[in-house]
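The chain contents come next:
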Amino acid sequence: MKLSIITLLMTVLATGFMTGIFFTWTNAVMPGIGKLSDLEFLKALQSMNRVILNPLFYISFIAPMVLFAMSLFFNYTLSSNSIFRLLLTAAIIYLLGVFFITVLGNIPLNNLLDQSQLEMLNLEELQSLRTQIEVPWNQFNLIRTLSSFSSFVFLLITTFLLYQSDF
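These numbers come from a predicted model, not from an experiment.

Cut-offs applied
The residue count restarts for each chain, going from 1 along the sequence in the order it is written. At least 70 in pLDDT is required for a residue's local features to be given in this predicted model, at least 80 for side-chain atom pairs to be given and counted, and no such filter applies to totals for whole chains, interfaces and linings, which use all residues. Working from all heavy atoms in the structure, the side-chain values ignore hydrogens and water. Two rings from Phe, Tyr or Trp (for Trp, the six-membered ring) form a pair when their centres are within 6.5 Å of each other. A pair whose planes differ by under 30 degrees is stacked, one over 60 is edge-to-face, and the rest are tilted. Put simply, DSSP H or I for four residues or longer makes a helix, DSSP E for two residues or longer makes a strand, and each gets a number counted from the N terminus. A 1.4 Å probe rolled over the protein chains alone gives each residue an accessible area, and that area as a share of the maximum for its type sets the label: buried under 20%, exposed over 50%, partly exposed in between. Placement of a positive charge over a ring is assigned whenever Lys NZ or Arg CZ falls within 6 Å of the ring centre and within 35 degrees of the normal to the ring plane. Note on definitions: salt bridges are taken to be side-chain nitrogens of Lys or Arg within 4 Å of carboxyl oxygens of Asp or Glu. Working rule for helices: expected span equals 1.5 Å times residues minus one. To get the bend at any residue, fit one axis to the seven residues that end at it and another to the seven that begin at it, then take the angle between the two axes. As a rule, the C-alpha atoms of each element are fitted with a line to give its axis, helices using only the stretch in contact, and angles between N-to-C directions run from 0 to 180 degrees. Roughly parallel means an angle under 35 degrees; roughly antiparallel means over 145; roughly perpendicular covers 65 to 115; every other angle is labelled oblique. Whether two residues are in contact is decided by their heavy atoms: any pair within 4.5 Å suffices. Under the scheme applied here, ten amino acids are nonpolar (Ala, Val, Leu, Ile, Met, Phe, Trp, Tyr, Cys and Pro), four are charged (Asp, Glu, Lys and Arg), and all others, including Gly, are polar. In the cavity and pocket records, a cavity denotes points on a 1 Å grid over the protein atoms alone where a 1.4 Å probe fits but cannot get out, a pocket denotes an open set with protein on both sides within 12 Å along at least 5 of 7 lines, and lining residues are residues with an atom within 4 Å of a point. Grid points are joined across faces, edges and corners, and a volume is the space filled by probe spheres set on the points. By the criterion applied in these results, polar contacts are pairs of N or O atoms within 3.5 Å in which, for protein atoms, one can donate a hydrogen and the other can accept it, and in which residues neighboring in sequence qualify only through two side-chain atoms.

> Sorry, what's going on with the packing of aromatic side chains here?
Each aromatic ring pair is characterised by the separation of its centres together with the angle its planes make. Counted according to the given criterion, the structure contains 7 aromatic pairs. Between Phe57 and Phe61, the ring centres sit 6.1 Å apart and the planes meet at 20°, which makes this aromatic pair stacked. Of the two residues, Phe57 and Phe61 both sit in helix 3 (residues 55–75), 4 residues apart, roughly one turn of that helix. Of the residues examined, Phe57 reaches a relative accessible area of 18% and is grouped as buried. Residue Phe61 is classed as buried on the basis of its relative accessible area, which comes to 10%. Between the aromatic rings of Phe61 and Phe99, the centroid separation amounts to 5.8 Å while the plane-to-plane angle is 25°, which identifies the pairing as stacked. Of the two residues, Phe61 sits in helix 3 while Phe99 sits in helix 4 (residues 81–114), which places them 38 residues apart along the sequence. Residue classification places Phe99 among the partly exposed residues on the basis of a relative accessible area of 23%. Among the aromatic residues, those joined into a cluster by ring pairs are Phe57, Phe61, Phe99 and Phe100. Arg130 extends its terminal NZ or CZ atom over the ring of Phe41, reaching a point 4.2 Å from the ring centre. One Lys or Arg, Arg144, reaches over the ring of Trp137 and ends 5.5 Å from the middle of that ring.

> What exactly am I supposed to notice about the pattern of salt bridges here?
One side chain can pair with another of opposite charge once the charged atoms of both are near each other. Under the counting rule described, the total for this entry stands at 4 salt bridges. A salt bridge links Arg50 to Asp114, with the shortest nitrogen-to-oxygen separation between them at 2.4 Å. With Arg50 in helix 2 (residues 38–52) and Asp114 in helix 4, this residue pair connects regions lying 64 residues apart in the sequence. Using a relative accessible area of 45% as the deciding quantity, one classes Arg50 as partly exposed. Look at Asp114 and you get partly exposed, because its relative accessible area is 36%.

> Before we go on, may I ask you to explain helix 1 (residues 3–33) in this structure?
Along an α-helix, residues three or four positions apart point the same way, because every turn accommodates 3.6 residues. The first and last C-alpha atoms of helix 1 sit 43 Å apart over 31 residues, in line with the 45 Å expected at 1.5 Å per residue. At Trp25, helix 1 is deflected by roughly 40°, the largest bend along its length.

> Whenever I open this one, the packing of helix 1 against helix 2 confuses me. Can you help?
For any two helices packed against each other, the geometry comes down to the angle between their axes and how far apart the axes lie. Look at helix 1 against helix 2: their axes get within 9 Å of each other, and the N-to-C directions meet at 140°. As judged from the angle between their axes, helix 1 and helix 2 are oblique. When helix 1 is examined against helix 2, the residues Trp25, Val29, Met30 and Ile33 are found in contact with a partner set consisting of Phe41, Ala44, Leu45, Met48, Asn49 and Ile52. For the contact of helix 1 with helix 2, the class distribution of residues is 9 nonpolar, 1 polar and no charged.

> Please explain the layout of surface pockets as it appears in this structure.
Over the atoms a probe the size of a water molecule is rolled, and this reveals where empty space is left. The volume enclosed by the largest pocket comes to roughly 410 Å³. Every residue lining the largest pocket is counted, 20 residues in all, and those nearest its centre are Ile52, Leu53, Phe57, Ile107 and Asn110. For the lining of the largest pocket, the elements supplying multiple residues, two or more each, are helix 1, helix 2, helix 3, helix 4 and helix 5 (123–166). The greatest single-element share of the lining of the largest pocket, amounting to 7 residues, is contributed by helix 4. Its residues assigned to classes, the lining of the largest pocket comprises 11 nonpolar, 6 polar and 3 charged.

> Is there a simple way to explain the side chain of Thr158 in this structure?
If you trace the backbone, Thr158 turns up in helix 5. Apart from the residues within four sequence positions on either side, Thr158 is in contact with Leu8, Ile83, Leu86 and Leu87.

> Would you mind showing me how to read the side chain of Ser60 here?
Relative to the helices and strands, Ser60 is located in helix 3. Residue Ser60 is classed as buried on the basis of its relative accessible area, which comes to 14%. A distance of 2.9 Å separates a polar atom in the side chain of Ser60 from the backbone oxygen of Leu56. Excluding residues that lie within four positions of it along the chain, Ser60 makes contacts with Phe17 and Met18.

By themselves, these are just geometric observations and shouldn't be taken as functional.
Written out as structure tokens, the structure reads:
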């Protein structure tokens, strides 16, 4: 099997994996903890954000970007222009809608929450902090979910077309 196809398949898997994570947060985690009181919500989100920052998550988060770069490199001259453009489109969507949104949107909100001494805040301050974090965080995560899913679909189409062109 060609290296171009192997890296593309790995990119599909890594992107699909992250799409599932973002979807789970959009569909279950945030709506579930959204029903909690302000203090419970903020403590739950703070705890999950701290736990998710581990080597396995870092690898899972960075892997699609590295694999996109490798797939683009290996498919630049080996694939038709239309296949390469689909792959490039998937990579750009992922870069802008997942990576940059995470770095510029979700991470600053996570850092704000992480630095908060929740037990020291009164009810009004807790409500204000939740308002400051919850809606923007959910909006950013929805963008990540839709972007990663769109990128995943473009990757599937690319894989199908590449497979068709090899046979």
